[in-house]
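Structure at a glance
Listed below are the residues making up each chain.
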Amino acid sequence: MQRRLAAIVHADLAGFTRMMEGAETRTFRHLKSAQIEVWRPAIDAANGRLVGTAGDAMLAEFASAVTAVSAAIDIQERMARFNEALSTEQRMLFRVGVHLGEVIVDDEDQNIFGDGVNLAARIQALAEPGGIAVSRAVRDLAELKMEYAFVDGGEHQLKNVSRAVQVYHVRAVKAASTVGTTTRIVPQVTLRFEGTDSSKQRHSFEVTLDKLMSRSGGMVIGRASDQCDLVVAHPTVSRRHAKLSLAGDALMLEDLGSTNGTSLDGKALRQTEPVTLRAGTKVRLGDVDMLVRQL
C-alpha cells in the first residue's frame, strides 16, 4: 500500500436509473461506446489513468490538476459530439467532479481510495448534467483555456465531510460581442486597491479587468485565503466580505453581509446591493481604508 498526491476525476451519468428502466440494452450499449470512444481516448491523451468503472460511474487519476481539468473539458466536449447522434431521451449527460488530494493506492490492483476520492465523488454530485465542478484546490492551480472560466458555486457542507467545501463550476465563456465587423476588445486594465488600517498597517491587492471578465460570478474579497480571490488579512474584515463584478462596462462592488460593513466614499453599502466603483474611489472594508487606482 502506498500514498500519493493525485488529481482525481469522478464521473456519474445523470438519470442512469431512468434510462436503464426505459431501455436497458440500448443504454448499456451507449455507455460502453462512450467509455471506449470518449473516455479512454481523452484520458490517454492527457496521460491519465482510468482507474475503474462501476455501472455508470468512472474514476480516473492524473498527475496534476491542470491535466485533470483539461481532460474533463475534453471529455465533455467529446460527449457533446457523441450525443449529437442520439435522440434527446437517449443522450448521456455525465456529471464530472475534480479534486486534488492524497490517495491510498492498492498495490494489488492499483485501485485508489481515501478522502481525496470521496471528495471528488461528493463534488461530482454538485455538477450540472453535462458539466464540471471542481474543488478550490483545483481552481487555485489550474489554468483554463480562453473559452472557459471558473464560476463560484459557493460553500457546501458535503455528506460525511466535516469541513465545508468551496466548489467552482467550469463553464464556457460567451464569445466577444461584435457590432458590424468590429470586435469589442477588452483593455488590459489593472486596478490597485491600497491603503492602511487604524494602526497604519498597509494592505493592498490588484485585479485586472480581463481576469474579472472571465469570472462570471465575480471575485470575492475577504480575510479567508481559502475562500476568497482577493485577500485583505485583517480581523475586522469578514472571511467573505465583499465581491467585485462587472455589469456591462461598469465595475460593481457588493457587500456580502459582512460583520463590520463596506463603504464607498463614506457611504455605507447595503448588503447584496451592488454599487458602481470607479478609480479614485475610497473603499472601506471593516477597519481598512483603501484607495482605488488605475495602473
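Everything that follows concerns the structure shown earlier in this document.
The sections below set out a description of the structure shown in this document. (Residues numbered from 1 in each chain as written. Predicted model: local features only at pLDDT ≥ 70, side-chain atom pairs only at ≥ 80, totals over all residues. Heavy atoms only, no water.)

Considering the pattern of salt bridges
The following threshold applies: Only one rule defines a salt bridge in this text: a Lys or Arg side-chain nitrogen within 4 Å of an Asp or Glu carboxyl oxygen. Strands here mean DSSP runs of E at least two residues long; helices mean DSSP runs of H or I at least four residues long; both are numbered from the N terminus. Burial classification: accessible surface area is computed with a 1.4 Å probe over protein chains only, and a residue below 20% of its type maximum counts as buried, one above 50% as exposed, and the rest as partly exposed.
Applying the stated criterion across every chain, the model contains 17 salt bridges. Put simply, Arg 49 and Glu 61 hold a salt bridge, and the shortest N to O gap is 2.7 Å. Residue Arg 49 is located in strand β2 (residues 49-54), and its partner Glu 61 is located in strand β3 (residues 57-62); the two are separated by 12 residues in the primary sequence. For Asp 140, the salt bridge identified is with Arg 139, shortest N-O distance 3.0 Å. A relative accessible area of 9% places Arg 139 in the buried class. Taken together, the salt bridges that share partners define one network made up of Arg 192, Glu 194, Arg 202, Glu 206 and Arg 293.

Quick word on the side chain of Glu 254
Selection rule: Working rule for contacts: check all heavy atoms of both residues, and any pair within 4.5 Å makes them a contact.
Here Glu 254 lies in strand β16 (residues 250-255). You can call Glu 254 buried: its relative accessible area is 12%. Ignoring sequence-local partners within four residues, the contact set of Glu 254 consists of His 241, Ala 242, Lys 243, Leu 269, Thr 272, Glu 273 and Pro 274.

Side note on the environment of Ser 64
Just so we agree on the cut-off: A 3.5 Å cut-off defines polar contacts: any pair of N or O atoms within that distance qualifies, except that in protein one atom must be a possible hydrogen donor and the other a possible acceptor, and neighbouring residues in sequence count only when both atoms are side-chain atoms.
Inspection of the secondary structure puts Ser 64 in the loop between β3 and α3 (65-83). Taking the relative accessible area as the measure of exposure, Ser 64 reaches 26% and is therefore partly exposed. One polar contact links Ser 64 to Thr 67, side chain to side chain, over a distance of 3.0 Å.

Quick notes on the nonpolar core
Operational definition: By nonpolar core is meant a set of buried Ala, Val, Leu, Ile, Met, Phe, Trp, Tyr and Cys residues that side-chain atoms within 4.5 Å join together.
The biggest cluster of nonpolar side chains holds 41 residues, and the ones touching the most others in it are Trp 39, Phe 94 and Val 98. In terms of residue count, the dominant contributor to this core is α3 (nine residues). Ranked by size, the runner-up nonpolar core spans 24 residues in total, among them Phe 193, Val 232, Leu 269 and Leu 277.

A few points about the pairing of β16
Rule in force here: The criterion for strand pairing is that DSSP finds at least two bridges linking the strands in question.
β16 sits mainly inside the fold: five of its six residues count as buried. Both β16 and strand β19 (residues 275-276) contribute to a ladder of two bridges, which runs antiparallel. Looking across to β19, one finds that Leu 253 is bridged to Val 275.

A short note on the packing of helix α2 (residues 24-45) against α3
Applicable threshold: In this analysis an axis means a line fitted to C-alpha atoms, helices contributing only their contacting stretch, and an angle means the value between N-to-C directions, from 0 to 180 degrees. What sets the label is the angle itself: under 35 degrees gives roughly parallel, over 145 gives roughly antiparallel, 65 to 115 gives roughly perpendicular, and the rest give oblique. Here a crossing is called left-handed whenever its near helix is offset anticlockwise from the far helix by less than a right angle, and right-handed whenever the offset is clockwise.
With their axes 9 Å apart at the nearest point, α2 and α3 run at an angle of 140° to one another. As far as their axial angle goes, α3 and α2 are oblique. Like other packed secondary-structure pairs, α2 and α3 cross with a definite hand, here right-handed. Here α2 contributes His 30, Ser 33, Ala 34, Glu 37, Val 38, Trp 39, Pro 41, Ala 42 and Ile 43 to the contact with α3, which in turn contributes Ala 71, Asp 74, Ile 75, Arg 78, Met 79 and Phe 82.

Topic: the sheet that holds strand β15 (residues 242-247)
Taken together, the five strands give an open sheet; going across it, the order is β14-β13-β15-β16-β19, and neighbouring strands pair in mixed fashion. If you trace the sheet from one side to the other, it starts and ends with β14 (230-231) and β19, each paired once. Relative to β14, strand β13 (residues 219-222) is paired through two bridges, and the arrangement is parallel. Counted as the bridge partner of Ile 221 is Leu 230 from β14.

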